Amino acid sequence: MTTVDTRKAAPRRRVNLHAIGPLAALVVLLLIGMALNDNFLSYGNLTNVLARSAFIGIIAVGMTFVITSGGLDLSVGSMAAFVAGVMILTMNALLPTMGLGVGVILVGILVGLLTGLFGGAINGLLITRGRIEAFIVTLGTMGIYRSLITWLADGGTLSLNYELSGVYRPVYYGGILGISWPILVFALVAIGGEIVMRHTRFGRHCAAIGSNEQVAKYSAVNVMRVRMATYVLLGILVGVATVMYVPRLGSASAATGVLWELEAIAAVIIGGTMLKGGFGRVWGTVVGVLILGFIGNILNLTDLVSPYLNGAIQGVIIILAVVLQRGGLKAH
Amino acid sequence: MTIRAILTTTALLALAVPAGAETIGISIPAATHGWAGGLNYHAQASVARLEEQFPDLDFVLATASDPAKQVSDIEDMVATRNIDALVVLPFESEPLTAPVARVADSGTFVTVVDRGLSQDGIEDLYVAGDNVGFGRVAGEYFAENLEDGAKIVVLRGIASTVDNERVEAFNAALEGSGIEVLGMEHGNWNRDTSFTVMQDYLSRFPEIDAVWAADDDMATGALQAIEQAGRSDEMWVVGGAGMKEIVARIRDNDKMLPVDVTYPPAMIATAIELTAMRFTSPAPVTGRFIIGSELITPDNAESYYFEDSPF
């Protein structure tokens, strides 16, 4: 017990470093961006980066809960592609009967959210009731959804009816007070996620399960239900992200959402959530998402490095951000 | 897919195979992106057409999601179907060279499509698109239709030999035209990536006169970004390959899409038909067959539009 106590005292001083790490990395990135290009801080560029980060961001907030409770979900990228495909097929099929209008779009959005919910529920059921490791279940569903979208699209691209895309377009490109919808939705999801993680029983239970499942169980936490809920929540958020994604290009193909799962997981870890579970920080995840978004943007805005090396730069910055976040290598 | 190959195999074996029938094995990459989707469509369509026309010919079609899978597919075809000819579009050149060479050594007629093997002289017939021509035709269009000092940006494909050949030829065609290439980033033949890259080009450069997107999926993403920025009147975009939505827009005289350069996935049909001719006609079919990269213009767009194809 004494060892536990002393270890508890030490992290309290490091909490600041933990929290500041990713923020510091983000600030450094922003400074580099400003120095390299005059247009970096322009309204247009910032809106672009925030809006395009919204998909990964919305998913990553859900992923924070899954990882905090000791789980993992590799299927989100494929699931997003599949949800997008189902939405496009539904809306195209309903167009002749329902006519052109907001009604078709609303049904499409509902179908998207429900498909996400079911996708999450299937993962959750297999993991909790089926007692299969999350890694294996979601590796399986990742392949299943990827194949399904390829099959639905007949190997090509599913495109939303041209007039319908016109009606749906404002959901990605429009907004209020100059802030586009994807950014607003991302902000709402992030704030909601932060409140749920910090101030609700569900958030605390997630951390408890991730930290020690047995202890949580003996403390009367319904482990199965909480774990199930994290996957369902993530599924719904994949649905939300896809609802924002479809109006952007109005199409889905086998190339949609590739590697989104790894970007989301990377954002969560950069933000300070522990990969083995037990501690989650939603606002950190948001910072992680922004870091990933701005790295890509800065690399596109400059000719400093060969584009062949973009992946390497991203890798270095991800690792650096985590090193900073862990309070430096000296911590151990 | 192996399961499918096995199922097809058993199903076909169960049917009484006519004596003396020739079997042609076809191994192509799975439909993981638009162009490969078109490839799969045209492969299946030409198999259906030929099976009806020549009841004596049998076909085994396998699609592979990676090079290792493709090697197993080919080994399975040789072992279980005793194929007389192999039509293969190698996933990657290096890993497929030795396995295809073994098939050729056993006396099987080998047709290689699009991506060449890393050793010369293995295949009996080589059918491919013209990557150098693809870049040159696009480059010549830019050189002819832009003034001295015009500014363009380029979206490149996945870093590969194909992409390098195209870009080199494009640059060579631009030489001396006075056109300034502001940026060349990789859009990876992907709509989303190209949308992002194009958005960043638009923030970075106040003046862009034209975009070489080098692929119709990339052109689709770039067009959305340009439209979002409200700069549609300022520039035009040239894609490549011949995706039907793009061809339709050229046919309808879209100002932003003046032309397109072909790189048809239907080349697999050319390869299969030529291979079938070896068994059905006395016409010689060995050698190299390079399919030219042509310029699709509003006047000829109709003949490049395939209604049923997914691409």
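Remember, predicted model here, so these are calculated numbers, not experimental data.

What follows deals with the overall build of chain B. If you tally the helices and strands in chain B, you get 10 helices and 12 strands. Over its C-alpha atoms chain B spans a radius of gyration of 21 Å, differing by no more than 12% from the 19 Å that the globule rule assigns to 311 residues. Expressed as lengths along the three principal axes of its C-alpha atoms, the size of chain B is roughly 70 × 35 × 35 Å. For chain B, the proportion of its 311 residues judged to be buried stands at 51%. For chain B, restricting intrachain contacts to residue pairs at least 6 apart in sequence, the fraction spanning at least 24 positions comes to 74%.

Residues and elements named next belong to chain B. Of note, Asp-217 is situated in helix 8 (residues 216–228). In this structure the C-alpha to C-alpha distance between Asp-217 and Arg-191, which are 26 residues apart in sequence, comes to 5.2 Å. Every residue in contact with Asp-217, bar those within four places of it in the chain, is listed here: Gly-34, Trp-189, Asn-190 and Arg-191.

Turning our eyes to something else, we now look at the interface of chain B and chain A. Facing 28 residues of chain B, the contacting portion of chain A comprises 27 residues. Of all the secondary structure elements, the ones that give two or more residues to the side of chain B that touches chain A are helix 2 (34–53), strand 7 (180–186), helix 7 (191–204) and helix 8 of chain B. Of the residues belonging to the side of chain B that touches chain A, the class tally is 8 nonpolar, 15 polar and 5 charged.

Attention now goes to the packing of helix 8 (residues 181–199) of chain A against helix 13 (residues 282–301) of chain A. Residue and element names in this part refer to chain A. Put simply, helix 8 and helix 13 touch, their axes get as near as 8 Å, and they point 145 degrees apart. Two secondary-structure elements touch here, helix 8 through Ala-190, Gly-193, Glu-194 and Met-197 and helix 13 through Val-282, Trp-283 and Val-286. In terms of residue class, the contact of helix 8 with helix 13 is made up of 5 nonpolar, 1 polar and 1 charged.

Residues and elements named next belong to chain B. The strand order across the open sheet built from 6 strands is 2-1-3-4-5-11, with neighbouring strands paired in parallel fashion. Edge positions in the open sheet fall to strand 2 (57–64) and strand 11 (287–291), since each of these has one partner strand only. Along the sheet, successive strands turn relative to each other by an average axial angle of 15 degrees, direction set aside. Across the face of the sheet, helix 10 (residues 267–280) comes into contact with strand 1 (22–29), strand 2, strand 3 (85–88), strand 4 (109–113), strand 5 (125–129) and strand 11 while running at roughly 165 degrees to strand 4.

The subject of this paragraph is the confidence of the model for chain A. Overall, the predicted model of chain A reaches an average pLDDT of 87, with 92% of residues at or above 70. Contacts for the low-pLDDT stretch residues 1–14 of chain A, under 50 throughout, to residues beyond four places or in other chains number 2 contacts.

A word on the pairing of strand 7 of chain B. As judged from the 6 bridges shared by strand 6 (residues 151–156) of chain B and strand 7 of chain B, these two strands associate in the parallel manner. Bridge assignment links Leu-155 of chain B to a residue of strand 7 of chain B, and that residue is Glu-185 of chain B.

With that out of the way, let us pick up helix 8 of chain B. All names here are of chain B. For helix 8, built from 13 residues, the straight-helix expectation of 18 Å at 1.5 Å per residue is met to within 8% by its first-to-last C-alpha distance of 18 Å. Of all 13 residues in helix 8, 12 are buried, a share of seventy percent or more. Of the positions making up helix 8, those classed as buried are Asp-216, Asp-217, Met-218, Ala-219, Thr-220, Gly-221, Ala-222, Leu-223, Gln-224, Ala-225, Ile-226 and Gln-228. Looking one or two residues past helix 8, Gly-230 carries a phi angle of roughly 70 degrees, positive in sign.

Moving on to the pairing of strand 5 of chain B. All names here are of chain B. With 4 of 5 residues buried, strand 5 lies mostly within the body of the structure. Pairing between strand 4 and strand 5: 3 bridges, direction parallel. Within strand 5, the position partnered with Val-112 by the bridge is Tyr-126. Of the pairings in the sheet, the one linking strand 5 to strand 11 comprises 5 bridges and is parallel in character. Paired with Tyr-126 across the bridge in strand 11 is Arg-288.

Quick look at the nonpolar core now. Counting 189 residues, the largest nonpolar core has Ile-59 and Leu-237 of chain A together with Ala-222 and Ile-268 of chain B as its most contacted members. Both domain 1 (2–123) and domain 2 (131–261) of chain B contribute no fewer than three residues apiece to this core. Ignoring any residue separated from it by four or fewer positions in sequence, one finds Ala-222 of chain B in contact with Leu-155, Ser-194, Met-198, Val-211, Ala-213 and Val-237 of chain B.

Calculation notes
Residues numbered from 1 in each chain as written. Chains lettered and ligands numbered in written order. Predicted model: local features only at pLDDT ≥ 70, side-chain atom pairs only at ≥ 80, totals over all residues. Helix = DSSP H or I, 4+ residues; strand = E, 2+ residues; numbered from the N terminus. Rg over C-alpha atoms; globule rule 2.2 N^0.38 Å. Buried ≥ 20, exposed ≤ 12 C-beta atoms within 10 Å, placed from the backbone. Contact = placed C-beta atoms within 7 Å. Nonpolar A, V, L, I, M, F, W, Y, C, P; charged D, E, K, R; others polar. Axes fitted to C-alpha atoms, helices over the stretch in contact; angles between N-to-C directions. Pairing = 2+ DSSP bridges. pLDDT = per-residue confidence, 0-100. Expected span 1.5 Å × (residues − 1). Core = buried A, V, L, I, M, F, W, Y, C linked by C-beta atoms within 7 Å. Domains from an automatic or database assignment.

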